[in-house]
Amino acid sequence: DLFITHAWQEGIFEFIDKVLASWPSGTKHAYCCMLANPQNLDISHLIQTPSRSPFAKALHCAKHMLAVPNGKGSIYCRLWCVYE
């Protein structure tokens, strides 16, 4: 239902507060890379072709997208956030 993009600059409390405050009404499921992709493994093979990456597949299926800002800088300084 919901694709969440963020810049990895926020703390978990800031992230959760902003996601909950902006959660679209009626939305039941969300994709967020930090919870969906293995963060401690090499995922380069998953992102070699951005249009076939887990990010692109999840974004294609989502009805809503939430770009989570943070207090440290623009999320659009990260290439993946721009792509998403």
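The sections below set out a description of the structure shown in this document.

Basis of the calculations
Residues numbered from 1 in each chain as written. Predicted model: local features only at pLDDT ≥ 70, side-chain atom pairs only at ≥ 80, totals over all residues. Heavy atoms only, no water. Pairing = 2+ DSSP bridges. Helix = DSSP H or I, 4+ residues; strand = E, 2+ residues; numbered from the N terminus. Axes fitted to C-alpha atoms, helices over the stretch in contact; angles between N-to-C directions. Patch = residues over 30% accessible without salt bridge, like charges linked within 9 Å, V, L, I, M, F, W, Y side chains within 5 Å. Areas by Shrake-Rupley, 256 points an atom, 1.4 Å probe, with all protein chains shown as cover. Salt bridge = Lys/Arg side-chain N within 4 Å of Asp/Glu carboxyl O. Buried < 20%, exposed > 50% of the residue type's maximum accessible area, 1.4 Å probe, protein only. Right-handed = clockwise from strand over helix to strand, strands pointing away. Core = buried A, V, L, I, M, F, W, Y, C linked by side-chain atoms within 4.5 Å. Contact = heavy atoms within 4.5 Å. Arc of directions from axis to C-beta.

Our focus in this paragraph is the sheet that holds strand 2 (residues 30-32). Reading across the sheet, the 3 strands line up as 2-1-3 and stay open at both edges, with parallel pairing between neighbours. Looking at the sheet topology across the chains shown, the edges are occupied by strand 2 and strand 3 (64-67). Each adjacent strand pair in this sheet contributes to an overall mean axis angle of 20 degrees, direction not counted. The sheet contact formed by strand 1 (residues 2-5) and strand 2 spans 3 bridges and is parallel. Across the sheet, the residue bridging to Ile 4 is Cys 32, located in strand 2.

Moving on, we get to a nonpolar patch on the surface. A contiguous nonpolar surface patch, about 460 Å² in accessible area, is contributed by Ile 12, Phe 13, Ile 16 and Leu 20. Relative to the assigned elements, Ile 12 resides in helix 1 (residues 12-22). Looking at Ile 12, the relative accessible area reads 48%, which means it is partly exposed.

The two faces of a sheet get side chains in turn, since along a regular strand they alternate between them. The alternating pattern of strand 1 places Leu 2 and Ile 4 on one face and Phe 3 and Thr 5 on the opposite face, and all of these are buried. Viewed along the sheet, the connection from strand 1 through helix 1 into strand 2 turns out right-handed.

Core analysis: the biggest nonpolar cluster contains 7 residues, these being Leu 2, Ile 4, Phe 15, Val 19, Cys 32, Leu 66 and Val 68. Broken down by secondary-structure element, the contributors of at least two residues to this core are strand 1 and helix 1. Excluding residues within four positions of it along the chain, Cys 32 makes contact with Ile 4, His 6 and Phe 15. Counting 5 residues, the second largest nonpolar core, distinct from the first, contains Phe 3, Tyr 31, Phe 55 and Ala 58.

Quick look at helix 4 (residues 54-61) now. Every buried residue of helix 4 is accounted for by Phe 55, Ala 56 and Ala 58. Viewed along the axis of helix 4, the buried residues span an arc of 165 degrees, placing them on a single side of the element. Seen from the open side of helix 4, the exposed residues pointing more than 90 degrees away from its buried face are Lys 57, His 60 and Cys 61.

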